[in-house]
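Chain by chain, the residues run as shown.
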Amino acid sequence: MTRPIRLEISLPAIRHNFLFTRQHSQARSLFAVIKANAYGHGVLDTAKALADLADGFALLNIEDAVLLREAGIDRPIALLEGPFDAAEAAAMADYRLGGAVHSQQQMDWLAKGSADRPVEVWLKVNSGMNRLGFRPEDAAAAQARLRTLPGARLTAIMTHFATADEDYGVAEQWRRFEPTAAASGLKVCAANSAALLRHPHTHGDIGRPGIVLYGASPFENETGSDLGLQPAMTLSADIIAVQQLQPGDAIGYGRRFVADRPMRIGVVACGYADGYPRVAANGAPAAIDGQPCQLVGRVSMDMLTVDISHLPQAGVGSRVELWGPNAPIEKVAAAAGTISYELMSAVMPRVPRVALG
């Protein structure tokens, strides 16, 4: 493919970020969250990079879990939403997979299993997120039933925080969850990335680092670099044309940007069909040779435009870092009214990818 756009993944950065999280965690073990193709970083590459560091892996799709097993990844694997049907419950036993149990229906599927190959399950408690899980007052009955199932081995109790990254914090959810967890006698799995960095009393036995592994901050108004993380993903593309604008000239669809001075504009081979957000505002950060530049005009399907008036060395063939070490993905996301998680996981398959290190 000759179109000059690329997605580079730094596996050493992912390892650094895991070790950084380990240093800041009081959890006894850490399951690396690699759902959504490891937040766009490549599930198999990421798992291999962390195979000697992570105590286990947490993901969503059983297909990804099977891929890891068939590639020789032998660490414990937990499916964060558990099985989606009876066949998946059986496959969890076949491939030595564990995971969440959040409903009576999932218990019905597990009831068909065998004591010869029990599935390790984590009871999911709804402490206030109100998506999945048993309410605290129903957790004891759910535990009791799970303990009667030959095909299940109950080992942990888990919950998920809605606002660990915000000022509201985790106090209310922890107040609901902690007594239930303590009474269960099970391993506790509660802390996500934000809780691992901000709420040590929630760390328990199993932590679930996600976004921090990839070098981005879970907190608003802070970048991963501010925290000591290393960005693991760099999206870049080349300038394929240069336009000279005069005052009053507009750029691109909708005349969203009109020049108020003479300007040099670089046309970059990346657009929303590659995963760059169409709604990114004028001024979204980018960089050329480590020097900052800014998005101007509306992002189109295959191209976007940046102001290179102050960069005389930039021209056709110059590589533009659209997010990465010199253009923090958190700031690009803020310019698009979204979060770094979405940008990472939205890069399209047509963008060539290379894992480095």
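Up top is the structure.
This one's a predicted model, so the numbers in the text were calculated from it and none came from an experiment.

Some remarks on the pairing of strand S13 (residues 263-268)
Among the six residues in S13, six count as buried, and that is most of the element. The alternating pattern of S13 places Met263, Ile265 and Val267 on one face and Arg264, Gly266 and Val268 on the opposite face, and all of these are buried. By the bridge criterion, six bridges tie strand S10 (residues 233-245) to S13 in an arrangement that is antiparallel. Opposite isoleucine 239, over in S13, you have valine 268 as the bridge partner.

Focus on the packing of helix H1 (residues 11-23) against helix H3 (residues 43-50)
Orientation of H1 relative to H3, taken along the N-to-C sense of each, is 55°, at an axis distance of 9 Å. In terms of orientation, H1 and H3 fall into the oblique class. Crossing hand, H1 versus H3: right-handed. Along its contact with H1, which presents Leu11, Ile14, Arg15 and Phe18, the element H3 presents Asp45, Thr46, Ala49 and Leu50. Residues of the contact of H1 with H3, tallied by class, amount to five nonpolar, one polar and two charged.

Quick notes on the nonpolar core
With 112 residues, the main nonpolar core has Ile34, Leu50, Leu146, Tyr276, Leu304 and Trp323 as its most contacted residues. Those residues in contact with leucine 146 that lie beyond four places of it in its chain are Val101, Met107, Val121, Leu123, Ala152 and Leu154. Counting residues in each nonpolar core, the second largest holds seven residues, with Leu245, Phe257, Ala259 and Ile265 among its members.

Notes on the pattern of salt bridges
The tally for this structure, following the rule as stated, stands at 17 salt bridges. With a closest N to O distance of 2.8 Å, aspartate 52 and arginine 15 form a salt bridge. Highlighted residues: aspartate 52 in the loop between H3 and strand S3 (56-59) and arginine 15 in helix H1, separated in sequence by 37 residues. For arginine 15, a relative accessible area of 29% translates into the label partly exposed. Connected via shared salt-bridge partners are Arg3, Asp274, Asp302 and Arg350.

Calculation notes
- Residues numbered from 1 in each chain as written.
- Predicted model: local features only at pLDDT ≥ 70, side-chain atom pairs only at ≥ 80, totals over all residues.
- Heavy atoms only, no water.
- Buried < 20%, exposed > 50% of the residue type's maximum accessible area, 1.4 Å probe, protein only.
- Helix = DSSP H or I, 4+ residues; strand = E, 2+ residues; numbered from the N terminus.
- Pairing = 2+ DSSP bridges.
- Axes fitted to C-alpha atoms, helices over the stretch in contact; angles between N-to-C directions.
- Parallel < 35°, antiparallel > 145°, perpendicular 65-115°, else oblique.
- Left-handed = near helix turned anticlockwise from the far one by under 90°.
- Contact = heavy atoms within 4.5 Å.
- Nonpolar A, V, L, I, M, F, W, Y, C, P; charged D, E, K, R; others polar.
- Core = buried A, V, L, I, M, F, W, Y, C linked by side-chain atoms within 4.5 Å.
- Salt bridge = Lys/Arg side-chain N within 4 Å of Asp/Glu carboxyl O.

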